[in-house]
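Next come the chains, spelled out residue by residue.
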Amino acid sequence: MSPQICEFHLPLSPEELLKSGGVNQYVVQEVLSIRHLPSYLKAFQTAFRAQGPLAVLEHFDTIYSILHHFRSIDPGLKEDTLEFLIKVVSRHSQELPAVLDDAALSMSDRSAHLNALKMNCYALIRLLESFETMSSQTGLMDLELGGKGRKSRAKATHGFDWEEERQPILQLLTQLLQLDIRHLWNHSIIEEEFVSLVTGCCYRLLENPTISHQKNRPTREAITHLLGVALTRYNHMLSESALPFPHPFLRPRIMAHVQDSTGATVKIIQMLQHFEHLASILVAAVSLWATDYGMKSIVGEIVREIGQKCPQELSRDPTGAKGFAAFLTELAERVPAILMSSMCILLDHLDGENYTMRNAVLAAMAEMVLQVLSGDQLEEASRDTRDQFLDTLQAHCHDVNSFVRSRVLQLFTRIVQQKALPLTRFQAVVALAVGRLADKSVLVCKSAIQLLASFLANNPFSCKLSDTDLAGPLQKETQKLQEMRAQRRATAPCPSAPTQEENPQTAAGSLGPGETGCRDKHSGSEPKDCSDELVKQELLVQYLQDAHSFSLQITKAIGIISKMMYEHTTTVVQEVIEFFVMVFQFGVPQALFGVRRMLPLIWSKEPGVRDAVLNAYRQLYLKPKGDSARAKAQTLIHNLSLLLVDASVGTIQCLEEIICEFVQKDELSPAVTQVLWERATEKVPCSPLERCSSIMLLGMMARGKPEIVGSNLDTLVNTGLDEKLPPDYRLAQQVCHAIANISDRRKPSMGERHPPFRVPQEHRLFERLREMVTKGSVHPDPLWVPFKEAAVALIYQLAEGPEVICAQMLQDCAKQALEKLEEKSDPQEAPQETPVLPTFLLMNLLSLAGDVALQQLVHLEQAVSGELCRRRVLREEQEHKRKEPKEKNSNSESTLEEEMGLGGATADDTEAELIRGICELELLEGKQTLAAFVPLLLKVCNNPGLYSNPELSTAASLALGKFCMISATFCDSQLRLLFTMLEKSSLPIVRSNLMIATGDLAIRFPNLVDPWTPHLYARLRDPSQHVRKTAALVMTHLILKDMVKVKGQVSEMAVLLIDPAPQIAALAKNFFNELSNKANAIYNLLPDIISRLSAPEGGVEEEPFHTIMKQLLSYITKDKQTESLVEKLCQRFRTAQYAAFLEGSRGLHRARGDPSLGGPAEPHHTFPACRTERQYRDLAYCMSQLPLTERGLHKMLDNFDCFGDKLSDESIFSAFLSIVGKLRRGAKPEGKAVIDEFEQKLRACHTRGLDAVEELEVGQGSSQRAPSARKQPAAARHRHVASTASDDFVTPKPRRPTRQHPNTQQQASRKKLRIVFSSDESSDEELSAEMTEDETPKKTTPIRRASAHRHRS
């Protein structure tokens, strides 16, 4: 067959070249063997040198054979073939221009060049694809073997680095296509197969994921230019003979041997749908084609194809939707003007289910607003388009998907940052952002905060946004505008157009003086008779109105955002902190509240949150404005002093931690310390409050560097504790706090070798403190009490022998009280009257005694114990050095003890026993100073009617709590008095203080306080909000530290979740959040909580019950816990009904006057059906809140008989239907049948119950006898804690053994039965709150305190 007359047809697969397909069609004659290929290739090369590119017409079989055996031949032969084909095609592309320009070219020569062109291009492209296929396989092997040695493996496979060879081949093909080669074909119409051959290799190269790597950028650019030439010169964008593409769910990787003639538009759509890495690459290519190659129409074609995609199909194909979304988003960033004309095609996707497509369309709109539709010079049509886009964005702020809502807020943030938002929409978008702060999604809240921060940073109004400062000018200018209008109407009474003030909804805003922005100008013109002054005044008023409204919105946002400061998500907390920093810088008055509120976050365990707080205060306070270092220091001190105004103790401690951090890192300049000392010593004029705050700041800095105060101790004593009259106790108190920071208040560690820092007793500091405390005790100054407390604490912290100083101080105060008493008892005036001591003096004396008692205890258990330990360690070390080696070896027993660490433990126990003996036997016994105050203290506490002064009662009760901390014996004897005052005192401050005191006693003496635990829980329902808050804090601490037994009474904490005070509700929520971190704590308590809260006595109403249980059941996340609770709740339906049956029987007996059941029935006693119905509804609601799984559903089906007859109640039926709805959402196909079966049973029982409700009520008693054979509850429960209104207060009785006398069993069974829902882990009987005095507990279950050393027998 002569190659000159045979036509080469581009095959769809290589095998087609082996078969004869028609007359004059080229067919491969022979596939050469591998061993003959090198020689035949050399022959081809020789022919090429003689004949040029047309030599391929005779030697194509050689190239075909190499392609056929490509996987088996030597890498060197592959490389030689590739180099040779590149040379052939390059030579052909150089000769073709002359051939094409030859007018006398014969048909045979034209056909020969056409066949040679197709053969050479086919061979080169197929060889390229073969190399690319092998490279992709090598890349997969590299992923399995690791990245090391990748280049060496590639060279070992191909013999060269293939990635560097692709670009020259693509450039060569581009150069070839740029020639006018279409004249080689008949009628100058190039065949589509040839174009598809060239472009198909480009698409196959793009399918390789490594094409997106930075090193392959030249290859990507070469592909883009090659396809661009095909688009512009060969109409590659569309294709009439496009092959049908496989099903969208199948991977569209066309095999290398298949020739695809699909056009560029369809091909791009296909690749976007199945290759995630191509979105950015194709965006770059399409934007280049649209701009440099002038192919703008391809953008519209691609967008049209995407717009015609069915939204329902995209919801089932997330990969394709993700690719389309990424493509549209990036394309809008590059060519928004070209894309804008096709946006109407994409609007249908805004109503689709796939949120990524909605995000992409909205992002495209935002880009057009930013890049095309911004500025003041927009035409009317462009302005309408912009408004439509912004309306769409605002509408999707309420999208059902949180990711869309968050994305819209982020887009608005960009628009605001680039000042592209019209001022007419400012207020509306701000209101949207404030509304999204209440969104359930954390991501949306975070984006809303960022948007509001951008509004602040780019607001067109003012650098200071105080609504109070703006209200005055607004009122003034509004009044001026009204006067101008009245004057205008008087001079020229002609009708005028509505102004902005009269119609602010339709009037477009304009910019004020010096204002920047993009607010629209007035579309209409003002009447000619309106003067310029009136127009300017209207604009000014409108400007002030907008600024004032914006300030009010920011103020509203501050209140909402401040509540988000303690979220669990770190990023949200960081955004909140940054927001308050920005608000503070803009001068919003309420920002100081947020700045203070973030202070406790300095103790956060999250490093990111702690660093955010430090950076915030560093930015707000460590970078003041000023011309000099001294001016900056004065500004810094002034700003920090504002934080100390009316600050709580907790706020001061947090600020102290922050300043300590700054001092340790040397971030505070020496000028700050100098100015503080000048104010403290009154070297510069300052107010008393400024002087006091300066000393406070010096004390905080001393935490970081004690030498700041320690080196000037005498100066501080002389200035702060001077003898001036009247004494400044507030300043003296802060001096004590500042001096206390020069030493470590913690207990000395075991490894401490140096003695603690102590000051001699004769130091002027203690002399002045003793004198000020003694003299101040006889004056009714309320500031003396906190000063006295700080002074006593400082004496015990720094003085050598502090007990001597404080004992002398107590004696001096007592002598002064006696002297005052003697002055009152003058025998000449009224000998018959009993002398009366001033109340304040007695209060000061008892308060001082309480402080000394507590500090003495702390001193013994920390300072003295630590010093004994330190001396013992030093003594043991010295003895160890003096020991001879023989002595150490001889005493094997002592050596064993040392190895086991028993020697040190024994010594520690001995020291602890010594300290305990001193507290028990010496401090409150005999002739000790503290013992002398005990009778007086008890007399005041035991006679509240005689000593009725509130301040005295407060001081006495607090002092009694401190005295009880010393001795277990004294505490045991006074516990009944303490709890009587806790329960009966009419003063909330007394109850609150005693709640704290009893909490401390529960930690120190847990076995003594354990029987009184119900009284601690009872304070959670105290009528005083302050007491409830204190009780919540104390019980949270005790429960989480395992210092009290957690029983069903924890339901009292659950009730606080609905407390009217938000702070208390937040405390309760935080308690359960922390409790949920403990294994199965909430799961074990839930049954008792449900039982107590749904009980008629002491329970809560139905709606509050739902609120509480929704919160508590959210902590149940484990499947096993859910399944167990489902089973228990199902069984509870029967238990509640059985209890109702017994209660009804008891009511019938009492109606007959049965004396064994407590006499006659009550007048209005009825069958307790309402009680059980309410409990049924509560149980159903609890089940509906559980995160049920398929196994939980099977549990309900197994126990369907327990609740089936209750489904006639509409509320119960609705609760179970909601369970069905939840199960359907995440159900697997095989589980839907079980759900359908469950729903059918529910509906059948619901209908049957409605038809036969009377029959069910009559047969209720008999139908429930069978379940009574079930295992009964472990033990019945006694009554709940008595209310605070009980008449008599008695001591708790001891726990009784569970075994009862046989004669009492029948009587016990006849008591009122109250069925409860107890947890599996606890079956102990609860204590009654009301017991007689002779039943004081003698034996209690010991609760061991967590300690490093345990007692050994």
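Residues numbered from 1 in each chain as written. Predicted model: local features only at pLDDT ≥ 70, side-chain atom pairs only at ≥ 80, totals over all residues. Heavy atoms only, no water.

(A) Quick look at the overall build of the chain. Tallying secondary structure elements over the chain gives 59 helices and zero strands in all. In the chain, which comprises 1353 residues, the proportion classed as buried is 49%. Taken as a whole, the chain presents about 66,500 Å² of accessible surface, with 52% of it coming from carbon and sulfur. (Helix = DSSP H or I, 4+ residues; strand = E, 2+ residues; numbered from the N terminus. Buried < 20%, exposed > 50% of the residue type's maximum accessible area, 1.4 Å probe, protein only. Areas by Shrake-Rupley, 256 points an atom, 1.4 Å probe, with all protein chains shown as cover.)

(B) The pattern of salt bridges, seen in detail. The tally for this structure, following the rule as stated, stands at 48 salt bridges. In this structure, Glu 983 engages Arg 1019 in a salt bridge whose closest nitrogen and oxygen atoms are separated by 3.5 Å. Remark: Arg 1019 occurs in the loop between α45 (1013-1018) and α46 (1025-1040) and Glu 983 occurs in helix α42 (residues 968-984); sequence separation between them is 36 residues. By relative accessible area, Arg 1019 is classed as buried at 1%. For Glu 1239, the salt bridge goes to Arg 1224, with nearest N and O atoms at 2.4 Å. Placement of Glu 1239 in helix α56 (residues 1232-1251) and of Arg 1224 in helix α55 (residues 1210-1225) is noted, with a sequence separation of 15 residues between them. (Salt bridge = Lys/Arg side-chain N within 4 Å of Asp/Glu carboxyl O.)

(C) Spatial organisation of a positive patch on the surface. On the surface, a cluster of positive charge is made up of Lys 440, Lys 1110, Lys 1222 and Arg 1225. With respect to the helices and strands, the residue Lys 1110 is situated in helix α50 (residues 1102-1113). (Patch = residues over 30% accessible without salt bridge, like charges linked within 9 Å, V, L, I, M, F, W, Y side chains within 5 Å. Lys, Arg positive; Asp, Glu negative; His and termini not counted. Charge placed at Lys NZ, Arg CZ, Asp CG, Glu CD.)

(D) Seen up close, the environment of Gly 650. Secondary-structure assignment places Gly 650 in helix α27 (residues 649-664). Sequence separation of Gly 650 and Pro 600 is 50 residues, and the distance between their C-alpha atoms is 7.8 Å.

(E) Representation of the side chain of Glu 575 within the structure. Within the element layout of this structure, Glu 575 appears in helix α23 (residues 570-585). Each residue touching Glu 575, except ones within four places of it in the same chain, is listed here: Lys 446, Ile 449 and Gln 450. (Contact = heavy atoms within 4.5 Å.)

(F) The arrangement of the confidence of the model for the chain in detail. Here the chain shows a mean pLDDT of 77. Residues at 70 or above account for 78%. Within the chain, the lowest mean pLDDT, 38, falls on helix α59 (residues 1305-1309), and the highest, 94, falls on helix α43 (residues 988-1004). Counting contacts from residues 239-261, a segment whose pLDDT is below 50, to residues more than four positions away or on other chains yields 52 contacts. pLDDT under 50 marks residues 494-526. Its contacts with residues more than four places away, or in other chains, come to 59 contacts. (pLDDT = per-residue confidence, 0-100.)

(G) Summary view of the environment of Tyr 64. Structurally, Tyr 64 can be placed in helix α2 (residues 56-68). If near-sequence neighbours (up to four positions away) are discounted, Tyr 64 is found in contact with Pro 14, Glu 15, Leu 17, Leu 18, Val 28 and Val 31.

(H) Quick peek at unusual backbone geometry. In the Ramachandran plot, Lys 419 falls in the positive-phi region, its phi being about 55° despite a non-glycine side chain. Position of Lys 419 among the secondary structure elements: in the loop between α18 (402-417) and α19 (426-436). With relative accessibility at 41%, the residue Lys 419 sits in the partly exposed group. Within the chain, Asp 666 stands out as a residue other than glycine whose phi angle is a positive 55°.

(I) The arrangement of the nonpolar core in detail. By size, the foremost hydrophobic cluster in this structure holds 374 residues, and its most contacted members are Tyr 617, Met 1109, Met 1196 and Phe 1216. The dominant element in this core, judged by the number of residues it contributes, is helix α4 (residues 107-145), at 14 residues. Residues within four places of Phe 1216 in sequence aside, it is in contact with Phe 1133, Ala 1180, Met 1183, Met 1196, Phe 1203, Leu 1207, Phe 1238 and Leu 1242. (Core = buried A, V, L, I, M, F, W, Y, C linked by side-chain atoms within 4.5 Å.)

(J) Region of interest: the packing of helix α20 (residues 442-457) against α23. Put simply, α20 and α23 touch, their axes get as near as 10 Å, and they point 15° apart. Taken together, the axes of α20 and α23 are roughly parallel relative to one another. The crossing of α20 and α23 is left-handed. Of the residues in α23, those in contact with Val 442, Lys 446, Ile 449, Gln 450, Leu 452, Ala 453, Leu 456 and Ala 457 of α20 are Thr 571, Val 572, Glu 575, Val 576, Phe 579, Met 582 and Val 583. (Axes fitted to C-alpha atoms, helices over the stretch in contact; angles between N-to-C directions. Parallel < 35°, antiparallel > 145°, perpendicular 65-115°, else oblique. Left-handed = near helix turned anticlockwise from the far one by under 90°.)

(K) Structural context of a nonpolar patch on the surface. Together, Tyr 355, Phe 403 and Leu 443 make up a nonpolar patch on the protein surface, roughly 250 Å² of accessible area in all. Tracing the chain through its elements places Leu 443 in helix α20.

(L) Representation of the packing of helix α32 (residues 729-740) against helix α34 (residues 784-798) in the model. For the pair α32 and α34, the least separation of the axes is 9 Å and the interaxial angle reads 25°. Relative to α34, α32 is oriented roughly parallel. The crossing of α32 and α34 is left-handed. Across the interface between the two elements, Tyr 729, Ala 732, Gln 733, Cys 736, His 737, Ile 739 and Ala 740 from α32 touch Trp 784, Pro 786, Phe 787, Ala 790, Ala 791, Leu 794, Gln 797 and Leu 798 from α34.

(M) Molecular detail of helix α25 (residues 607-621). The terminal C-alpha atoms of α25 lie 21 Å apart, and with 15 residues this matches the ideal 21 Å at 1.5 Å per residue to within 8%. Those residues of α25 that sit buried are Val 609, Arg 610, Ala 612, Val 613, Leu 614, Ala 616, Tyr 617, Arg 618, Leu 620 and Tyr 621. Against the buried residues of α25 lie α23, α24 (591-597), α26 (629-644) and α27. (Expected span 1.5 Å × (residues − 1).)

(N) Here's a closer look at the packing of aromatic side chains. Taken as a whole and assessed by the stated rule, the structure comprises 22 aromatic pairs. The interplanar angle of 10° and the centroid separation of 4.9 Å between the aromatic rings of Phe 979 and Trp 1012 together place this pair among those described as stacked. Of this pair, Phe 979 sits in helix α42 while Trp 1012 sits in the loop between α44 (1006-1009) and α45, placing them 33 residues apart in sequence. Residue class for Phe 979 comes out buried when judged on its relative accessible area of 1%. The interplanar angle of 25° and the centroid separation of 5.9 Å between the aromatic rings of Phe 1133 and Tyr 1176 together place this pair among those described as stacked. Here Phe 1133, found in helix α51 (residues 1119-1151), pairs with Tyr 1176, found in helix α52 (residues 1169-1185); they are 43 residues apart in sequence, far enough to count as distant. Linked through ring pairs, Phe 1133, Tyr 1176, Phe 1200, Phe 1203, Phe 1216 and Phe 1238 together constitute an aromatic cluster. Here the basic side chain of Arg 91 rests over the ring of Phe 48, its NZ or CZ set 5.3 Å away from the ring centre. (Phe/Tyr/Trp six-rings, centres within 6.5 Å; stacked < 30°, edge-to-face > 60°. Lys NZ or Arg CZ within 6 Å of the ring centre and 35° of its normal.)

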